[in-house]
Amino acid sequence: MRVLALACGWLTGDAGLFLAGEAGRMRLPVPSWLIEHPRGRVLFDSGMHPELQRDPRARLGPVADVFEFSYGPGEDVASRLRALEIDPASIRLLVTSHLHFDHVGGNASLPNARVVVQRREWEAGRDPDLVRRNYYDPRDYDLGHDLLLLDGEHDLFGDGSVVCVPTYGHTPGHQSLRLRTGSGELVLTADACYLRRTLERLQLPGTVFDREAMLASLQRLRALESAGARLLFGHDAEQWQSLPRAPEPVA
Ligand SMILES: [Zn+2]
């Protein structure tokens, strides 16, 4: 099994959004992850909608004013797949960490994927009150994909190599992905943990859906790391710069 990092643009915003109390600005990578399992390809998160390459405000409305976007043609997930000679329509499994715009914006370009998401996240994405509160945009994800709704941990292939791990708190039903590769165990944390600093200082983002749940998720990630797993964080520029990009595998 191989894991590849797909670079799908950058977001810049006030550091306090990502680390409560922090001053200044912070630049965050937006990754998508491709897992090549002997029984098929899995994508973990799909990055931002391609329209944000041209006119973020047209799609995001006021949310666009919170960020600066560095996101150009060729950086959306479908283009990244095509560059690897993979037809986006051939992707059959798309694991979604959560429904924020920088994680499900490419779903529309993966028409044949079965979306694997925690039931509580999906239900939050259908609840108008929670959609508002979590800044979701149903146009990103409510597209008629076949769904696999999970209630907690789920072993995708039944062989322990790709396991969805609930890490609630950032949003109602956030999940991370635990991978067992030939070179050891990896955890794609997504936004359960933006940065290494989040994990080390338990410094949460400025806005969190459920603080207690998020802290419990961070403790779970700490325990996985202590047990030998390598954590790949959701938006850690320093770590991201140190990783090989597709077509070179991360693991
Ligand atoms: Zn994010």
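Residues numbered from 1 in each chain as written. Predicted model: local features only at pLDDT ≥ 70, side-chain atom pairs only at ≥ 80, totals over all residues. Heavy atoms only, no water.

Draft legend 1. Region of interest: the coordination of the zinc ion. Coordination of the zinc ion by the protein is provided by Asp 102 (OD), His 103 (NE2), Asp 191 (OD) and His 235 (NE2), with metal-donor distances spanning 2.0 to 2.2 Å. Taken together, the four donor atoms coordinating the zinc ion span angles of 86 to 166° at the metal, a pattern that classifies the geometry as irregular. All donors to the zinc ion come from one chain, and their sequence spacing reads D-H-x87-D-x43-H. Here His 103 is found in helix H4 (residues 101–104), whereas its partner His 235 is found in the loop between strand E12 (230–233) and helix H10 (237–242), with 132 residues between them in sequence. Looking at His 103, the relative accessible area reads 3%, which means it is buried. (Donors = N, O, S within 2.8 Å, 3.2 Å for Na, K, Ca; no water. Tetrahedral: all angles 85-135°; square planar, octahedral: opposite > 155°, others 65-115°. Helix = DSSP H or I, 4+ residues; strand = E, 2+ residues; numbered from the N terminus. Buried < 20%, exposed > 50% of the residue type's maximum accessible area, 1.4 Å probe, protein only.)

Draft legend 2. Region of the structure containing the packing of aromatic side chains. Inspection of the entire model under this criterion finds eight aromatic pairs. Measuring from ring centre to ring centre gives 5.8 Å for Phe 18 and Tyr 194, while their planes differ by 80°; the resulting arrangement is edge-to-face. On the criterion of sequence distance, the pair formed by Phe 18 in helix H1 (residues 15–18) and Tyr 194 in the loop between strand E11 (184–190) and helix H8 (196–201) is long-range, its members being 176 residues apart. Each member of the pair Phe 18 and Tyr 194 is classed as buried. Measuring from ring centre to ring centre gives 6.3 Å for Tyr 136 and Tyr 141, while their planes differ by 85°; the resulting arrangement is edge-to-face. For the pair shown, Tyr 136 and Tyr 141 are each scored as buried. Put simply, the rings of Phe 18, Phe 67, Phe 69, Phe 101 and Tyr 194 touch in pairs and so form one group of aromatic residues. Lying over the aromatic face of Trp 10, Arg 27 brings its terminal NZ or CZ to 4.2 Å of the ring centre. Here Arg 120 stacks its cationic end above the ring of Tyr 168, 4.0 Å away from the centre of that ring. (Phe/Tyr/Trp six-rings, centres within 6.5 Å; stacked < 30°, edge-to-face > 60°. Lys NZ or Arg CZ within 6 Å of the ring centre and 35° of its normal.)

Draft legend 3. Seen up close, the pairing of strand E2 (residues 25–37). For E2, a buried count of 11 out of 13 residues is recorded, marking the element as mostly surrounded by other parts of the structure. Note: strand E1 (residues 2–14) against E2, 11 bridges, orientation antiparallel. Looking at the pairing, Leu 6 lines up with Ser 32 of E2. By the bridge criterion, five bridges tie E2 to strand E3 (residues 40–44) in an arrangement that is antiparallel. Its bridge partner being in E3, Ile 35 is matched across the sheet by Val 42. Counted along the chain from E2 to the antiparallel partner E3, the turn is two residues long. (Pairing = 2+ DSSP bridges.)

Draft legend 4. Local environment of empty space enclosed by the protein. The full count for this structure, using the stated rule, is two cavities of 30 Å³ or more. Taken together, Pro 31, Trp 33, Phe 44, Asp 45, His 103, Leu 188, Thr 189, Ala 190, Phe 233 and Gly 234 make up the full set of residues lining the largest cavity. Mapped by element, the contributors of at least two residues to the lining of the largest cavity are E2 and E11. Top element by residues in the lining of the largest cavity is E11. It accounts for three residues. Residue classes in the lining of the largest cavity are distributed as six nonpolar, three polar and one charged. Considered as a void within the structure, the second largest cavity measures approximately 40 Å³ in volume. Considering the residues around the second largest cavity, the lining is formed by Pro 29, Pro 31, Trp 33, Phe 233, Gly 234, His 235, Asp 236, Gln 239, Trp 240 and Leu 243. If you tally residues by element for the lining of the second largest cavity, the top one is E2, at three residues. Considered class by class, the residues forming the lining of the second largest cavity number six nonpolar, three polar and one charged. (1 Å grid on protein atoms, 1.4 Å probe; cavity = no way out; pocket = protein on both sides within 12 Å on 5 of 7 lines; lining within 4 Å. Points joined across faces, edges and corners; volume = space filled by probe spheres on them. Nonpolar A, V, L, I, M, F, W, Y, C, P; charged D, E, K, R; others polar.)

Draft legend 5. Region of interest: the side chain of His 170. Position of His 170 among the secondary structure elements: in the loop between strand E9 (162–166) and strand E10 (175–181). Within the structure, the side chain of His 170 is placed 3.3 Å from the side chain of His 100, a separation counted as a polar contact. Not counting residues up to four positions away in its chain, the partners in contact with His 170 are His 98, His 100, Asp 191, Tyr 194, Val 208, Phe 209 and Met 214. (Polar contact = N/O pair within 3.5 Å; in protein donor to acceptor, adjacent residues only side chain to side chain. Contact = heavy atoms within 4.5 Å.)

Draft legend 6. Spotlight on helix H9 (residues 211–226). Taking 1.5 Å of rise per residue, the 16 residues of H9 would be expected to cover 22 Å, and the 22 Å separating its terminal C-alpha atoms lies within 8% of that figure. Of the residues making up H9, those classed as buried are Met 214, Ser 217, Leu 218, Leu 221 and Leu 224. When H9 is viewed along its axis, its buried side chains cluster within an angular range of 115° and face the same direction. When the buried face of H9 is taken as reference, the exposed residues oriented beyond 90 degrees from it are Glu 212 and Ser 226. Contact partners of the buried residues in H9: E10, E11, H8 and E12. A side-chain oxygen of the first residue of H9 lies 3.2 Å from the backbone nitrogen of Glu 212; this N-cap is Asp 210. Where H9 ends, the next residue or the one after it, Gly 228, has phi of about 115°, a positive value. (Expected span 1.5 Å × (residues − 1). Arc of directions from axis to C-beta.)

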